[in-house]
Amino acid sequence: MSRPGKDDITPARAPSPVVLLTGATGGLGTAVAAQLARQGCRVGLCARNASALDGLAQELEEAGAQVLPLPADATSPQDAAAAVERLVKHFGRIDCLIDNAGVEGPVGPSWEVPLDAWWQTMHTNVMSTVATVHAVMACFVRQHSGRIISISSEAGRHRWPSLSAYSVSKAAGIKFIENLSHEARAHGVTALSVHPGIVTAGLTTTALHEQPPSVWHARRTQWLQEQLDQGKGVEAERAARAVVAVALGAADHRSGQFLTLDDIPDTPHPGPRLPAGPGSTRTQT
Ligand SMILES: NC(=O)c1ccc[n+]([C@@H]2O[C@H](COP(=O)([O-])OP(=O)(O)OC[C@H]3O[C@@H](n4cnc5c(N)ncnc54)[C@H](OP(=O)(O)O)[C@@H]3O)[C@@H](O)[C@H]2O)c1
(Lines give C-alpha, C1' and ligand atoms only; values in the text may rest on other atoms or scores of the structure.)
Protein backbone atom coordinates (compact mmCIF):
# COMPACT_ATOMS: atom_id res chain seq x y z
CA MET A 1 0.00 0.00 0.00
CA SER A 2 1.16 3.55 -0.52
CA ARG A 3 2.27 5.44 2.55
CA PRO A 4 1.81 9.15 3.05
CA GLY A 5 4.87 11.36 2.73
CA LYS A 6 5.53 14.83 4.18
CA ASP A 7 3.87 16.67 1.27
CA ASP A 8 0.98 14.26 1.31
CA ILE A 9 -0.34 14.94 4.78
CA THR A 10 -2.79 17.73 5.43
CA PRO A 11 -1.19 19.90 8.11
CA ALA A 12 -3.06 19.32 11.34
CA ARG A 13 -5.46 22.17 12.03
CA ALA A 14 -6.48 22.57 15.62
CA PRO A 15 -8.42 20.68 16.59
CA SER A 16 -7.90 17.94 14.02
CA PRO A 17 -10.04 14.86 14.64
CA VAL A 18 -8.66 12.24 16.98
CA VAL A 19 -9.43 8.69 15.88
CA LEU A 20 -8.94 5.36 17.64
CA LEU A 21 -8.29 2.66 15.03
CA THR A 22 -8.26 -1.00 16.05
CA GLY A 23 -6.66 -3.67 13.88
CA ALA A 24 -4.28 -0.92 12.76
CA THR A 25 -1.48 -3.24 11.65
CA GLY A 26 -3.54 -5.42 9.31
CA GLY A 27 -4.01 -5.13 5.56
CA LEU A 28 -6.99 -2.78 5.75
CA GLY A 29 -5.90 -1.14 9.01
CA THR A 30 -2.55 0.12 7.67
CA ALA A 31 -4.30 1.65 4.65
CA VAL A 32 -6.90 3.31 6.90
CA ALA A 33 -4.17 4.62 9.22
CA ALA A 34 -2.32 6.11 6.25
CA GLN A 35 -5.50 7.71 4.88
CA LEU A 36 -6.39 9.16 8.29
CA ALA A 37 -2.90 10.65 8.43
CA ARG A 38 -3.31 12.14 4.95
CA GLN A 39 -6.50 13.79 6.13
CA GLY A 40 -4.68 15.39 9.06
CA CYS A 41 -6.26 13.21 11.73
CA ARG A 42 -4.44 12.31 14.90
CA VAL A 43 -4.59 8.55 15.30
CA GLY A 44 -4.41 6.06 18.15
CA LEU A 45 -3.15 2.83 16.59
CA CYS A 46 -4.38 -0.31 18.35
CA ALA A 47 -3.44 -3.96 17.86
CA ARG A 48 -1.91 -6.63 20.09
CA ASN A 49 1.51 -6.88 18.45
CA ALA A 50 3.44 -3.96 19.97
CA SER A 51 6.45 -4.15 17.66
CA ALA A 52 4.30 -4.13 14.53
CA LEU A 53 2.49 -1.10 15.95
CA ASP A 54 5.76 0.69 16.69
CA GLY A 55 6.96 0.06 13.13
CA LEU A 56 3.75 1.48 11.66
CA ALA A 57 3.79 4.44 14.05
CA GLN A 58 7.38 5.25 13.12
CA GLU A 59 6.61 5.21 9.39
CA LEU A 60 3.62 7.48 9.83
CA GLU A 61 5.48 9.83 12.16
CA GLU A 62 8.38 10.11 9.72
CA ALA A 63 5.81 11.22 7.16
CA GLY A 64 4.61 13.93 9.55
CA ALA A 65 1.57 12.24 11.07
CA GLN A 66 0.57 12.50 14.72
CA VAL A 67 0.00 8.98 15.98
CA LEU A 68 0.11 7.07 19.24
CA PRO A 69 0.72 3.32 19.35
CA LEU A 70 -1.66 1.68 21.81
CA PRO A 71 -0.88 -2.01 22.17
CA ALA A 72 -4.06 -3.61 23.46
CA ASP A 73 -6.35 -6.56 23.15
CA ALA A 74 -9.48 -4.84 21.87
CA THR A 75 -11.66 -7.60 23.32
CA SER A 76 -10.52 -6.75 26.84
CA PRO A 77 -12.64 -4.07 28.54
CA GLN A 78 -9.64 -3.14 30.70
CA ASP A 79 -7.29 -2.80 27.70
CA ALA A 80 -9.88 -0.86 25.71
CA ALA A 81 -10.54 1.56 28.56
CA ALA A 82 -6.81 2.05 29.16
CA ALA A 83 -6.20 2.71 25.45
CA VAL A 84 -8.93 5.35 25.34
CA GLU A 85 -7.62 6.95 28.52
CA ARG A 86 -4.08 7.14 27.10
CA LEU A 87 -5.33 8.53 23.80
CA VAL A 88 -7.39 11.25 25.48
CA LYS A 89 -4.54 12.12 27.81
CA HIS A 90 -2.15 12.39 24.85
CA PHE A 91 -4.30 14.28 22.35
CA GLY A 92 -6.85 15.85 24.69
CA ARG A 93 -9.94 14.33 23.08
CA ILE A 94 -11.38 11.51 20.98
CA ASP A 95 -13.77 12.05 18.08
CA CYS A 96 -14.10 8.72 16.35
CA LEU A 97 -13.68 4.97 16.84
CA ILE A 98 -12.90 2.81 13.81
CA ASP A 99 -13.55 -0.73 15.03
CA ASN A 100 -11.58 -2.73 12.48
CA ALA A 101 -9.96 -5.59 14.46
CA GLY A 102 -11.19 -8.96 13.29
CA VAL A 103 -10.30 -12.55 12.53
CA GLU A 104 -11.56 -15.00 9.93
CA GLY A 105 -11.97 -17.90 12.30
CA PRO A 106 -12.33 -21.58 11.49
CA VAL A 107 -13.24 -22.75 7.99
CA GLY A 108 -15.47 -25.77 7.47
CA PRO A 109 -18.91 -27.15 8.37
CA SER A 110 -20.07 -25.78 11.73
CA TRP A 111 -20.17 -29.18 13.36
CA GLU A 112 -16.71 -30.15 12.19
CA VAL A 113 -14.73 -27.08 13.25
CA PRO A 114 -13.53 -27.03 16.87
CA LEU A 115 -16.19 -25.44 19.04
CA ASP A 116 -13.66 -23.38 20.98
CA ALA A 117 -12.27 -21.91 17.73
CA TRP A 118 -15.83 -21.06 16.66
CA TRP A 119 -16.53 -19.34 19.97
CA GLN A 120 -13.14 -17.60 20.08
CA THR A 121 -13.99 -16.00 16.73
CA MET A 122 -17.33 -14.82 18.09
CA HIS A 123 -15.53 -13.46 21.14
CA THR A 124 -12.86 -11.61 19.12
CA ASN A 125 -15.14 -10.11 16.50
CA VAL A 126 -18.05 -9.23 18.76
CA MET A 127 -16.23 -8.24 21.94
CA SER A 128 -13.66 -6.08 20.12
CA THR A 129 -16.62 -4.03 18.89
CA VAL A 130 -18.56 -3.99 22.14
CA ALA A 131 -15.61 -3.38 24.47
CA THR A 132 -14.18 -0.50 22.42
CA VAL A 133 -17.61 1.09 22.01
CA HIS A 134 -18.09 0.75 25.76
CA ALA A 135 -14.75 2.47 26.32
CA VAL A 136 -15.37 5.47 24.04
CA MET A 137 -19.03 6.16 24.82
CA ALA A 138 -18.45 7.93 28.15
CA CYS A 139 -16.29 10.53 26.33
CA PHE A 140 -18.74 10.81 23.44
CA VAL A 141 -21.70 11.33 25.77
CA ARG A 142 -19.78 13.94 27.76
CA GLN A 143 -18.84 15.95 24.67
CA HIS A 144 -22.19 15.26 22.96
CA SER A 145 -20.51 14.10 19.76
CA GLY A 146 -18.70 11.10 18.33
CA ARG A 147 -18.64 8.66 15.43
CA ILE A 148 -18.35 4.89 15.52
CA ILE A 149 -17.45 3.03 12.33
CA SER A 150 -17.53 -0.74 12.57
CA ILE A 151 -15.77 -2.59 9.76
CA SER A 152 -18.23 -5.26 8.78
CA SER A 153 -18.72 -7.72 5.94
CA GLU A 154 -21.34 -8.99 3.53
CA ALA A 155 -20.71 -12.22 5.41
CA GLY A 156 -22.87 -10.76 8.16
CA ARG A 157 -25.75 -10.01 5.79
CA HIS A 158 -25.87 -13.17 3.71
CA ARG A 159 -25.23 -16.84 4.31
CA TRP A 160 -21.53 -17.59 4.30
CA PRO A 161 -21.32 -21.39 4.52
CA SER A 162 -18.09 -22.85 5.85
CA LEU A 163 -17.26 -19.54 7.55
CA SER A 164 -20.09 -19.72 10.06
CA ALA A 165 -18.36 -18.14 13.05
CA TYR A 166 -17.15 -15.21 10.93
CA SER A 167 -20.58 -14.77 9.37
CA VAL A 168 -22.50 -14.97 12.65
CA SER A 169 -20.07 -12.64 14.43
CA LYS A 170 -20.36 -10.04 11.67
CA ALA A 171 -24.17 -10.34 11.76
CA ALA A 172 -24.04 -9.69 15.51
CA GLY A 173 -21.86 -6.64 14.91
CA ILE A 174 -24.32 -5.21 12.39
CA LYS A 175 -27.23 -5.65 14.82
CA PHE A 176 -25.20 -4.15 17.66
CA ILE A 177 -24.49 -1.03 15.57
CA GLU A 178 -28.17 -0.71 14.60
CA ASN A 179 -29.19 -0.75 18.24
CA LEU A 180 -26.34 1.49 19.33
CA SER A 181 -27.22 4.15 16.78
CA HIS A 182 -30.67 4.50 18.36
CA GLU A 183 -29.34 4.45 21.92
CA ALA A 184 -26.69 7.05 21.13
CA ARG A 185 -28.66 9.35 18.82
CA ALA A 186 -29.81 11.66 21.61
CA HIS A 187 -26.17 12.08 22.61
CA GLY A 188 -25.07 13.33 19.19
CA VAL A 189 -23.28 10.07 18.38
CA THR A 190 -23.53 8.23 15.05
CA ALA A 191 -22.72 4.56 14.40
CA LEU A 192 -22.36 2.77 11.06
CA SER A 193 -21.28 -0.60 9.72
CA VAL A 194 -19.10 -0.49 6.61
CA HIS A 195 -18.32 -3.41 4.32
CA PRO A 196 -14.99 -2.58 2.69
CA GLY A 197 -15.41 -5.01 -0.21
CA ILE A 198 -13.13 -7.94 -1.02
CA VAL A 199 -9.97 -6.09 -0.15
CA THR A 200 -6.83 -7.23 -1.97
CA ALA A 201 -4.90 -7.27 1.30
CA GLY A 202 -5.17 -8.67 4.80
CA LEU A 203 -7.48 -11.65 5.25
CA THR A 204 -7.91 -12.07 1.49
CA THR A 205 -4.22 -12.27 0.69
CA THR A 206 -3.56 -14.42 3.74
CA ALA A 207 -6.12 -16.91 2.39
CA LEU A 208 -4.71 -16.76 -1.14
CA HIS A 209 -1.19 -17.50 0.06
CA GLU A 210 -1.88 -20.28 2.54
CA GLN A 211 -1.42 -23.95 1.82
CA PRO A 212 -5.11 -24.91 2.26
CA PRO A 213 -5.23 -27.22 5.27
CA SER A 214 -8.62 -28.63 4.22
CA VAL A 215 -10.92 -28.91 1.23
CA TRP A 216 -13.05 -26.19 2.83
CA HIS A 217 -10.14 -23.77 2.94
CA ALA A 218 -9.37 -24.62 -0.69
CA ARG A 219 -12.99 -23.94 -1.74
CA ARG A 220 -13.00 -20.60 0.13
CA THR A 221 -9.76 -19.62 -1.59
CA GLN A 222 -11.08 -20.71 -4.97
CA TRP A 223 -14.17 -18.55 -4.48
CA LEU A 224 -12.04 -15.57 -3.48
CA GLN A 225 -9.80 -16.07 -6.52
CA GLU A 226 -12.87 -16.21 -8.79
CA GLN A 227 -14.13 -12.94 -7.33
CA LEU A 228 -10.77 -11.30 -7.94
CA ASP A 229 -10.59 -12.76 -11.47
CA GLN A 230 -13.99 -11.17 -12.15
CA GLY A 231 -12.57 -7.79 -11.12
CA LYS A 232 -14.49 -7.66 -7.85
CA GLY A 233 -11.44 -7.03 -5.67
CA VAL A 234 -10.97 -3.65 -4.03
CA GLU A 235 -7.58 -2.06 -3.38
CA ALA A 236 -6.99 -1.33 0.28
CA GLU A 237 -6.46 2.37 -0.51
CA ARG A 238 -9.90 2.62 -2.13
CA ALA A 239 -11.55 0.90 0.82
CA ALA A 240 -9.60 3.11 3.21
CA ARG A 241 -10.75 6.30 1.47
CA ALA A 242 -14.35 5.18 1.93
CA VAL A 243 -13.88 4.25 5.58
CA VAL A 244 -12.19 7.57 6.36
CA ALA A 245 -14.83 9.55 4.47
CA VAL A 246 -17.43 7.96 6.74
CA ALA A 247 -15.22 8.54 9.78
CA LEU A 248 -15.15 12.23 8.88
CA GLY A 249 -18.92 12.46 8.62
CA ALA A 250 -19.87 11.63 5.01
CA ALA A 251 -22.66 9.28 6.07
CA ASP A 252 -23.84 10.69 9.39
CA HIS A 253 -27.36 10.93 7.98
CA ARG A 254 -27.39 7.13 7.58
CA SER A 255 -26.48 6.30 11.16
CA GLY A 256 -27.33 2.72 12.10
CA GLN A 257 -27.10 1.38 8.56
CA PHE A 258 -24.85 -1.14 6.83
CA LEU A 259 -22.95 0.58 4.01
CA THR A 260 -20.98 -0.83 1.12
CA LEU A 261 -18.53 1.08 -1.06
CA ASP A 262 -21.37 1.71 -3.54
CA ASP A 263 -22.95 3.92 -0.87
CA ILE A 264 -19.82 6.01 -0.38
CA PRO A 265 -18.68 8.24 -3.28
CA ASP A 266 -14.95 7.91 -3.90
CA THR A 267 -12.88 11.00 -3.31
CA PRO A 268 -9.33 10.18 -4.35
CA HIS A 269 -6.66 12.00 -2.43
CA PRO A 270 -5.63 14.98 -4.51
CA GLY A 271 -1.97 14.81 -3.53
CA PRO A 272 0.79 12.85 -5.28
CA ARG A 273 0.57 9.08 -5.27
CA LEU A 274 3.56 7.97 -3.30
CA PRO A 275 5.61 4.86 -3.75
CA ALA A 276 5.07 2.09 -1.24
CA GLY A 277 6.89 2.66 2.02
CA PRO A 278 9.48 0.39 3.57
CA GLY A 279 6.95 -1.69 5.49
CA SER A 280 4.50 -2.05 2.66
CA THR A 281 5.17 -5.72 2.14
CA ARG A 282 4.32 -6.54 5.73
CA THR A 283 0.61 -6.70 5.13
CA GLN A 284 0.64 -7.80 1.50
CA THR A 285 1.22 -11.40 2.37
N1 LIG B 1 -9.70 -8.29 3.84
C2 LIG B 1 -10.94 -8.34 3.38
O3 LIG B 1 -11.16 -8.66 2.22
C4 LIG B 1 -12.10 -7.97 4.27
C5 LIG B 1 -13.39 -8.01 3.72
C6 LIG B 1 -14.47 -7.66 4.53
C7 LIG B 1 -14.27 -7.29 5.84
N8 LIG B 1 -13.00 -7.27 6.34
C9 LIG B 1 -12.83 -6.86 7.74
O10 LIG B 1 -11.82 -5.86 7.82
C11 LIG B 1 -11.18 -5.93 9.08
C12 LIG B 1 -9.67 -5.96 8.88
O13 LIG B 1 -9.36 -7.13 8.14
P14 LIG B 1 -7.94 -7.35 7.44
O15 LIG B 1 -8.21 -8.03 6.17
O16 LIG B 1 -7.14 -6.10 7.47
O17 LIG B 1 -7.33 -8.44 8.46
P18 LIG B 1 -5.83 -8.66 8.97
O19 LIG B 1 -4.84 -8.20 7.96
O20 LIG B 1 -5.76 -10.06 9.45
O21 LIG B 1 -5.72 -7.66 10.21
C22 LIG B 1 -6.42 -7.91 11.41
C23 LIG B 1 -5.98 -6.83 12.41
O24 LIG B 1 -6.75 -7.02 13.62
C25 LIG B 1 -5.84 -7.04 14.72
N26 LIG B 1 -6.46 -7.84 15.79
C27 LIG B 1 -6.93 -9.11 15.74
N28 LIG B 1 -7.40 -9.47 16.94
C29 LIG B 1 -7.27 -8.38 17.76
C30 LIG B 1 -7.58 -8.13 19.11
N31 LIG B 1 -8.11 -9.06 19.90
N32 LIG B 1 -7.29 -6.90 19.62
C33 LIG B 1 -6.72 -5.95 18.85
N34 LIG B 1 -6.42 -6.13 17.55
C35 LIG B 1 -6.67 -7.34 17.02
C36 LIG B 1 -4.54 -7.65 14.16
O37 LIG B 1 -3.40 -7.30 14.91
P38 LIG B 1 -2.86 -8.21 16.15
O39 LIG B 1 -2.95 -9.65 15.70
O40 LIG B 1 -1.45 -7.74 16.41
O41 LIG B 1 -3.75 -7.93 17.31
C42 LIG B 1 -4.52 -6.93 12.81
O43 LIG B 1 -4.00 -5.62 12.98
C44 LIG B 1 -11.74 -7.17 9.79
O45 LIG B 1 -12.75 -6.79 10.68
C46 LIG B 1 -12.34 -7.98 8.64
O47 LIG B 1 -13.39 -8.80 9.06
C48 LIG B 1 -11.91 -7.59 5.60
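Residues numbered from 1 in each chain as written. Predicted model: local features only at pLDDT ≥ 70, side-chain atom pairs only at ≥ 80, totals over all residues. Heavy atoms only, no water.

**Points about the overall build of the chain**
The condition that has to hold: Only DSSP runs of H or I with at least four residues qualify as helices, and only runs of E with at least two residues qualify as strands; both kinds are numbered from the N terminus onward. Categorising residues by exposure relies on relative accessible area from a 1.4 Å probe, with only protein chains included: less than 20% of the type maximum marks a residue as buried, more than 50% marks it as exposed, and the intermediate range marks it as partly exposed. Residues are treated as being in contact if the distance between any of their heavy atoms lies within 4.5 Å. Surface exposure here means Shrake-Rupley accessible area, sampled with a 1.4 Å probe, where a residue is shielded only by the protein chains that are shown.
Within the chain, the regular secondary structure consists of eight helices and nine strands. Split into buried and exposed, the 285 residues of the chain put 54% on the buried side. In the chain, the proportion of contacts linking residues at least 24 apart, taken out of those at least 6 apart, comes to 75%. Taken as a whole, the chain presents about 12900 Å² of accessible surface, with 54% of it coming from carbon and sulfur.

**What about the site of the ligand?**
Inclusion rule: Proximity is defined per residue: any heavy atom of the residue falling within 4 Å of a molecule or strand makes that residue near it. Polar contacts here mean pairs of N or O atoms no more than 3.5 Å apart (in protein, one a potential hydrogen donor and the other a potential acceptor; neighbouring residues in sequence count only if both atoms are side-chain atoms). Classification used: nonpolar for Ala, Val, Leu, Ile, Met, Phe, Trp, Tyr, Cys and Pro, charged for Asp, Glu, Lys and Arg, polar for all others including Gly.
Among the 29 residues in the neighbourhood of the ligand, the closest are listed as Thr25, Arg48, Tyr166, Leu203 and Thr204. Here an oxygen atom of the ligand sits 2.6 Å away from a polar atom, N or O, in the side chain of tyrosine 166. The backbone of valine 199 places a nitrogen or oxygen atom 2.9 Å from an oxygen atom of the ligand. In isolation the ligand offers 880 Å² of accessible surface; the protein chains occlude 89% of this area. Those elements giving two or more residues to the shell around the ligand turn out to be helix H1 (27–38), helix H5 (164–185), strand E7 (198–199) and helix H6 (203–209). In terms of residue class, the shell around the ligand is built from 13 nonpolar, 13 polar and three charged.

**Here's the deal with the environment of serine 169**
On the secondary structure map, serine 169 appears in helix H5. Classification of serine 169 as buried rests on a relative accessible area of 1%. In this structure, the C-alpha to C-alpha distance between serine 169 and tryptophan 118, residues 51 residues apart in sequence, is 9.7 Å. With near-sequence residues (within four places) excluded, serine 169 lies in contact with Thr121, Met122, Asn125 and Val126.

**Digging into unusual backbone geometry**
One non-glycine residue, histidine 144, lies in the positive phi region at around 55 degrees. Positive phi is not limited to glycine here, since serine 162 has a value of about 80 degrees. Mapping serine 162 onto the fold places it in the loop between strand E5 (146–151) and H5. For serine 162, a relative accessible area of 17% puts it in the buried group.

**So, the nonpolar core**
Rules: The definition of a nonpolar core used throughout is a set of buried Ala, Val, Leu, Ile, Met, Phe, Trp, Tyr and Cys residues joined through side-chain atoms within 4.5 Å.
Leu21, Val32, Leu36, Leu45, Leu60 and Ile98 are the most contacted members of the largest nonpolar core, which totals 42 residues. Going through the elements one at a time, strand E1 (18–22), H1, strand E2 (42–47), helix H2 (50–62), strand E4 (96–99), E5, strand E6 (189–194) and helix H8 (236–247) are the ones with two or more residues in this core. It is H8 that contributes the most residues to this core, nine residues altogether. The residues touching leucine 36, leaving out its near neighbours within four places in the chain, are Val19, Leu21, Cys41, Val43, Ile98 and Val244. Ranked by size, the runner-up nonpolar core spans 26 residues in total, among them Leu70, Ala72, Cys139 and Ile177.

**Concerning the environment of alanine 165**
Relative to the helices and strands, alanine 165 is located in helix H5. Overall, the relative accessible area of 1% leaves alanine 165 in the buried class. Taking the C-alpha atoms as reference, alanine 165 lies 9.8 Å from histidine 123; in sequence the two are 42 residues apart. Apart from the residues lying within four places of it in its own chain, the contact partners of alanine 165 are Pro106, Trp118, Thr121 and Met122.

**What to know about the pattern of salt bridges**
To keep things clear, this is the line we draw: A side-chain nitrogen of Lys or Arg and a carboxyl oxygen of Asp or Glu constitute a salt bridge if their distance falls within 4 Å.
By the definition in use, this model includes eight salt bridges. In this structure, the salt-bridge partner of arginine 93 is aspartate 95, at a minimum N-O distance of 2.5 Å. For aspartate 95, a relative accessible area of 16% translates into the label buried. Between aspartate 266 and arginine 238 there is a salt bridge, and its shortest N-O distance comes to 3.6 Å. Of this pair, aspartate 266 sits in the segment after strand E9 (258–259) while arginine 238 sits in helix H8; the two residues are 28 residues apart in sequence, bridging distant segments of the chain.

**Side note on the sheet that holds E9**
Put simply, the rule is: One bridge is not enough; two strands pair if DSSP finds at least two bridges between them. To get an axis, a line is fitted to the C-alpha atoms, and for a helix only the part in contact is used. The angle between two axes follows their N-to-C directions and goes from 0 to 180 degrees.
One open sheet holds the seven strands; their spatial order is E3-E2-E1-E4-E5-E6-E9, and the pairing between them is parallel. The open sheet has two edge strands with one neighbour each: strand E3 (66–71) and E9. Pairing geometry for E4 and E5, over four bridges, is parallel. Following the sheet pairing, leucine 97 is matched in E5 by isoleucine 148. Here H8 sits on the sheet in contact with E4, E5, E6 and E9, set at roughly 155 degrees to E5.

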